[in-house]
Amino acid sequence: MMTNYLFSNHDTVALAEKYGTPLYVISEDIIRENLTKIINAFTKQNATYDINYAGKAFLNLAMCNIIKDMGVSLDVVSGGELYTAYMASFPMERVCLHGSNKTVEEIKMAIEYNIGKVIVDSKYELELLNAICEEHNHVMRVSIRVSPGVEAHTHEFIQTGKIDSKFGIPLKQVRDLFDFSKDLKNINIIGLHCHIGSQIIDEEPFLVTAEVMLNLMKELKEDGFSLTELNLGGGFGIPQMRHDASFNVDQYIEKLMSTVRRICSEIQLEVPKIVVEPGRYTVGTAGITLYKIGTVKEIPEIRKYVSVDGGMTDNPRPALYGAVYDAIVANKTLVSEEQEIVTISGRCCESDTLIKDIQLPKVEPGDILAVLNTGAYNYAMSSNYNKIPRPAVVLLRGDEDEIIVRRETYEDIVAKDMLPSWQK
Ligand SMILES: Cc1ncc(COP(=O)(O)O)c(C=O)c1O
Ligand SMILES: N[C@@H](CCCC[NH3+])C(=O)O
């Protein structure tokens, strides 16, 4: 009887043997299920909507193809992400460029690739974009990122909609910015954008934000600016531990659309197209990371440290945000296994605890640990600290499994190093 942990119907121990560890495993089927939930929720409400997958969560050529195939749009935040989309032949009219400090080169790329939209983050950028578009004889569609002053209950470092934030234009300055934009001939402002933070489970702050933004749209309409699009950003949370609650997308979209319709009728505003930018929700639960257990060190009466062959290089989130993760010993899944509380540490030259005090079956060197829900912001935020090569990414679809990002090698690690002439 097969007792190994199955992820998306694949034997994770066999995957670890086949591709080595650490290994990011991503399920295309789960990505599609997650996106389908959002699509169905909007369709049920008969809404005019768009989904912009936030590529920062996990982006590579294969991911672009999945998003493209599902008819979903893509939000990118850098020239690198833009280039990835371009190389994947992603339909550029479905790409929008974000970023709080876009470079001239990135803006030029956006024009050259003829992308669908730029989300403008400051007055400086609006002028810069207009000037570069003028040089290129181009008119860019634009949404203005507003900082709506709503505080979401999430980690301080990933709250982005409060007034004291580097992101967006403070609510009170937006009308002046629109007034200023009247003379800018090479931009076409079609909507407003906001994003209040990430890993949010409670729908209330989103609904409050929608109200704030619709009232702003109404004021702007009175100033003579008719906007057709309201982008409410991403931020839908995912369960961290196996039994945690998940963000209820269906319920949220239902409440959102009824709130939007009610407010629009109260303030006599046409219902705008609603855009969301789910990054984590799309891929978070679609990924796990497989590690091999090495050193097991017991400090009597204090703690048992179980070290894995990865760490903050492949998952910096516990160190950065105190993020918590759940894990399963992939080759010991029987409930009859003797249990113990251990702390999972990484292999970096840091106290890089991945999971503090987790109950697991008694582990031994060579066991395979599957850390759950690592699909978002793990591969994307990985580094080469300690000159550790990044893991491979394997994609699962049905009963197929294939590498979509190859494992880095030591050659990759030194490939960009150059010696100055005086050392040659
Ligand atoms: C503007 C914007 N949109 C979308 C996202 C995606 O957020 P999440 O992955 O929480 O859905 C982010 C990141 O937090 C963001 O800054
Ligand atoms: N990188 C963050 C989410 C994105 C925040 C920036 N918009 C995380 O891992 O939770």
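Preceding this section is the structure that the text describes.
For clarity, every value in this text was computed on a predicted model and none was experimentally measured.

Caption draft 1: Representation of the packing of helix α8 (residues 204–222) against helix α9 (residues 249–267) within the structure. It is the contact of α8 with α9, at a shortest axis distance of 10 Å, that shows an interaxial angle of 30°. As far as their axial angle goes, α9 and α8 are roughly parallel. Of the two possible hands of crossing, α8 and α9 adopt the one that is right-handed. Contacts between α8 and α9 pair Phe 206, Leu 207, Ala 210, Glu 211, Leu 214, Asn 215 and Lys 218 from the former with Tyr 252, Lys 255, Leu 256, Thr 259, Val 260, Ile 263, Cys 264 and Ile 267 from the latter. Considering only residue class, the contact of α8 with α9 consists of 10 nonpolar, two polar and three charged.

Caption draft 2: A look at the site of ligand 1. Taken together, 16 residues surround ligand 1, and among them His 195, Ser 198, Glu 277, Arg 280 and Tyr 377 come closest. One nitrogen or oxygen atom from the main chain of Gly 235 is found 2.8 Å from an oxygen atom belonging to ligand 1. Arg 280 has a polar backbone atom sitting 2.7 Å from an oxygen atom of ligand 1. Broken down by class, the residue content of the shell around ligand 1 amounts to three nonpolar, eight polar and five charged.

Caption draft 3: A look at the side chain of Ser 181. Tracing the backbone shows Ser 181 in helix α7 (residues 174–181). Polar side-chain contacts of Ser 181 include one of 2.6 Å to the backbone oxygen of Phe 178. In this structure, Ser 181 is in contact with Leu 126, Ile 189 and Phe 225, ignoring residues within four places of it in sequence.

Caption draft 4: Structural view of the site of ligand 2. Contacts to ligand 2 come from seven residues, most closely from Arg 280, Arg 317, Tyr 321, Tyr 377 and Met 381. Within the side chain of Arg 280, one N or O atom sits 2.7 Å away from an oxygen atom of ligand 2. With respect to ligand 2, the side chain of Tyr 321 contributes an N or O atom lying 2.9 Å from a nitrogen atom. In the complex, 84% of the free accessible area of ligand 2, which totals 310 Å², lies under the protein chains. In terms of residue class, the shell around ligand 2 is made up of four nonpolar, one polar and two charged.

Caption draft 5: Main features of the state of the cysteines. Under the definition given, this model contains zero disulfides. There is no disulfide at Cys 96, and the cysteine sulfur nearest it, in Cys 194, is 13 Å away. In this model Cys 348 remains outside any disulfide bridge; the closest cysteine sulfur is found in Cys 349, 8.5 Å from its own. A residue is classified by how much of its surface remains accessible, and Cys 348, at 7% relative accessible area, is buried.

Caption draft 6: Structural context of helix α3 (residues 61–69). Among all positions of α3, only Ala 62, Met 63, Cys 64, Ile 66 and Ile 67 are buried. Gly 71 lies just past α3 and shows a positive phi near 75°.

Caption draft 7: Quick look at the side chain of Arg 280. Within the secondary structure, Arg 280 is located in helix α10 (residues 280–283). Of the side chains bearing the opposite charge, Asp 244 lies closest to the buried Arg 280, which forms no salt bridge; the N-O distance is 12 Å.

Caption draft 8: Seen up close, the packing of helix α2 (residues 28–44) against α9. With their axes 9 Å apart at the nearest point, α2 and α9 run at an angle of 35° to one another. In this structure, the crossing between α2 and α9 has a hand that is right-handed. Between α2, through Lys 37, Ile 38, Ala 41, Phe 42 and Lys 44, and α9, the contact on the second element is made entirely by Val 249, Asp 250, Ile 253 and Met 257. The residue inventory of the contact of α2 with α9, partitioned by class, reads six nonpolar, no polar and three charged.

Caption draft 9: Up close: the pairing of strand β3 (residues 23–27). Counting buried positions along β3 gives five out of five residues, so the element sits mostly inside the fold. Across four bridges, the pairing between β3 and strand β13 (residues 287–299) is antiparallel. When the bridges of β13 are listed, Ile 26 appears paired with Gly 287. In the sheet, β3 pairs with strand β19 (residues 392–397) via five bridges, with the strands oriented parallel. Its bridge partner being in β19, Leu 23 is matched across the sheet by Ala 392.

Definitions and cut-offs
Residues numbered from 1 in each chain as written. Chains lettered and ligands numbered in written order. Predicted model: local features only at pLDDT ≥ 70, side-chain atom pairs only at ≥ 80, totals over all residues. Heavy atoms only, no water. Axes fitted to C-alpha atoms, helices over the stretch in contact; angles between N-to-C directions. Helix = DSSP H or I, 4+ residues; strand = E, 2+ residues; numbered from the N terminus. Parallel < 35°, antiparallel > 145°, perpendicular 65-115°, else oblique. Left-handed = near helix turned anticlockwise from the far one by under 90°. Contact = heavy atoms within 4.5 Å. Nonpolar A, V, L, I, M, F, W, Y, C, P; charged D, E, K, R; others polar. Near = heavy atom within 4 Å. Polar contact = N/O pair within 3.5 Å; in protein donor to acceptor, adjacent residues only side chain to side chain. Areas by Shrake-Rupley, 256 points an atom, 1.4 Å probe, with all protein chains shown as cover. Disulfide = S-S within 2.5 Å. Buried < 20%, exposed > 50% of the residue type's maximum accessible area, 1.4 Å probe, protein only. Lys, Arg positive; Asp, Glu negative; His and termini not counted. Salt bridge = Lys/Arg side-chain N within 4 Å of Asp/Glu carboxyl O. Pairing = 2+ DSSP bridges.

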